[in-house]
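Observations on chain architecture
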Amino acid sequence: MTDVHVRRHDDADVLVGDVASALLDRLEAAQARGEVPQIGLTGGSIAEELHRELARRAPDSAVDWSRVVFWWGDERFVPADSPDRNARQARESLLDHVPVDPANVHEVPASDEVATAEDAAAAYSEAMREHGVGFFEVLMLGIGPDGHCASLFPGHPALEAGDAIAVAVHDSPKPPPDRVSLTFEAMERCRAVWFIASGEGKAEAVARALADDGSVTETPARGVRGDETVWWLDEAAASAL
Ligand SMILES: O=C1O[C@H](COP(=O)(O)O)[C@@H](O)[C@H](O)[C@H]1O
């Protein structure tokens, strides 16, 4: 269906530097074409490093940050100021340090803003519908050691959510238990999916995700493909390939 590329890097620092360069180039190119690129951010440890690197390079790049639209592939359903929130992490490591237009930052509602994760998923889906789904220039995703991506976990009923943009996730095996995730269907509508993984702890999951055979139920990251799919890995994360 799509091209899948694997890009290996000596270590996490080189990995983060290369992803940052590629993302900045991609945003600049889209803006040069007159577009207002929309990107999907992810949470997790390597994403935080990437955000910091983007913020560090921002003053030297030609990207007009006020003309970039930000979304998230998933969010933890916790209060807005919780350190568990992916949006808070992204604000502290990137968005507070570049001149974004606040109207272009689309967070999933927090648990002190709406009553349930279902309400948050519905509001987030509506916000996306208003912008037209299927528009990500790049959707960045992490992968868990269990093979989860966004907040779609192995064997979880949320994997089955069809005909939806975002879905509420309860009883997540990784805390916090309540979350909101884009569905496979929504995640696939993008120009590029970039998986970013660092460390030996991800190696088995990465190998399962990229194997010729295997099940999406066991390894949800197998289930997401963009027009272009890139796996950005350090050598430790690539060590079981
Ligand atoms: O819970 C989550 O985990 C994944 C992976 O995080 P990591 O720290 O193991 O790299 C992340 O991609 C996702 O956005 C997040 O909600």
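Procedures and definitions
- Residues numbered from 1 in each chain as written.
- Predicted model: local features only at pLDDT ≥ 70, side-chain atom pairs only at ≥ 80, totals over all residues.
- Pairing = 2+ DSSP bridges.
- Helix = DSSP H or I, 4+ residues; strand = E, 2+ residues; numbered from the N terminus.
- Axes fitted to C-alpha atoms, helices over the stretch in contact; angles between N-to-C directions.
- Contact = placed C-beta atoms within 7 Å.
- Near = placed C-beta within 6 Å.
- Nonpolar A, V, L, I, M, F, W, Y, C, P; charged D, E, K, R; others polar.
- Expected span 1.5 Å × (residues − 1).
- Buried ≥ 20, exposed ≤ 12 C-beta atoms within 10 Å, placed from the backbone.
- Arc of directions from axis to C-beta.

What follows is about the sheet that holds strand 7 (residues 179–182). Each strand in a sheet pairs with its neighbour through backbone hydrogen bonds, running either in the same direction (parallel) or in the opposite one (antiparallel). In spatial order, the strands read 4-7-6; together these 3 strands make up an open sheet with antiparallel pairing. Here the strands that pair on one side only, and so sit at the sheet edges, are strand 4 (74–76) and strand 6 (166–169). Across this sheet, the average inter-strand angle for adjacent strands is 15°, counted without regard to direction. Sheet topology note: the strand 6/strand 7 ladder contains 4 bridges and is antiparallel. The residue of strand 7 that forms the bridge with Val-169 is Arg-179. Helix 4 (residues 117–131) contacts strand 6 and strand 7 of the sheet and is inclined by roughly 165° relative to strand 6.

Let us look at the site of the ligand. Around the ligand, the neighbouring residues are Thr-42, Gly-43, Gly-44, Ser-45, Ile-46, Asp-74, Asn-86, Leu-141, Gly-142, Gly-144, Ser-151 and Lys-174. When the residues that make up the shell around the ligand are grouped by side-chain class, the tally is 2 nonpolar, 8 polar and 2 charged.

A few words now on helix 1 (residues 12–32). Along its 21 residues, helix 1 runs 30 Å from first to last C-alpha, staying within 8% of the 30 Å computed at 1.5 Å per residue. For helix 1, every residue scored as buried is listed here: Ala-12, Leu-15, Val-16, Val-19, Ala-20, Leu-23, Leu-27 and Ala-30. Along the axis of helix 1, the buried positions cluster into a sector of 130°, meaning they face one direction only. Of the exposed residues in helix 1, those oriented more than 90 degrees away from the buried face are Ala-29 and Ala-32. Looking at the buried residues of helix 1, the elements they touch are strand 1 (3–9), helix 2 (45–57), strand 5 (136–141), strand 8 (192–197) and strand 9 (228–234). Immediately downstream of helix 1, the backbone of Gly-34 shows phi near 90°, a positive value.

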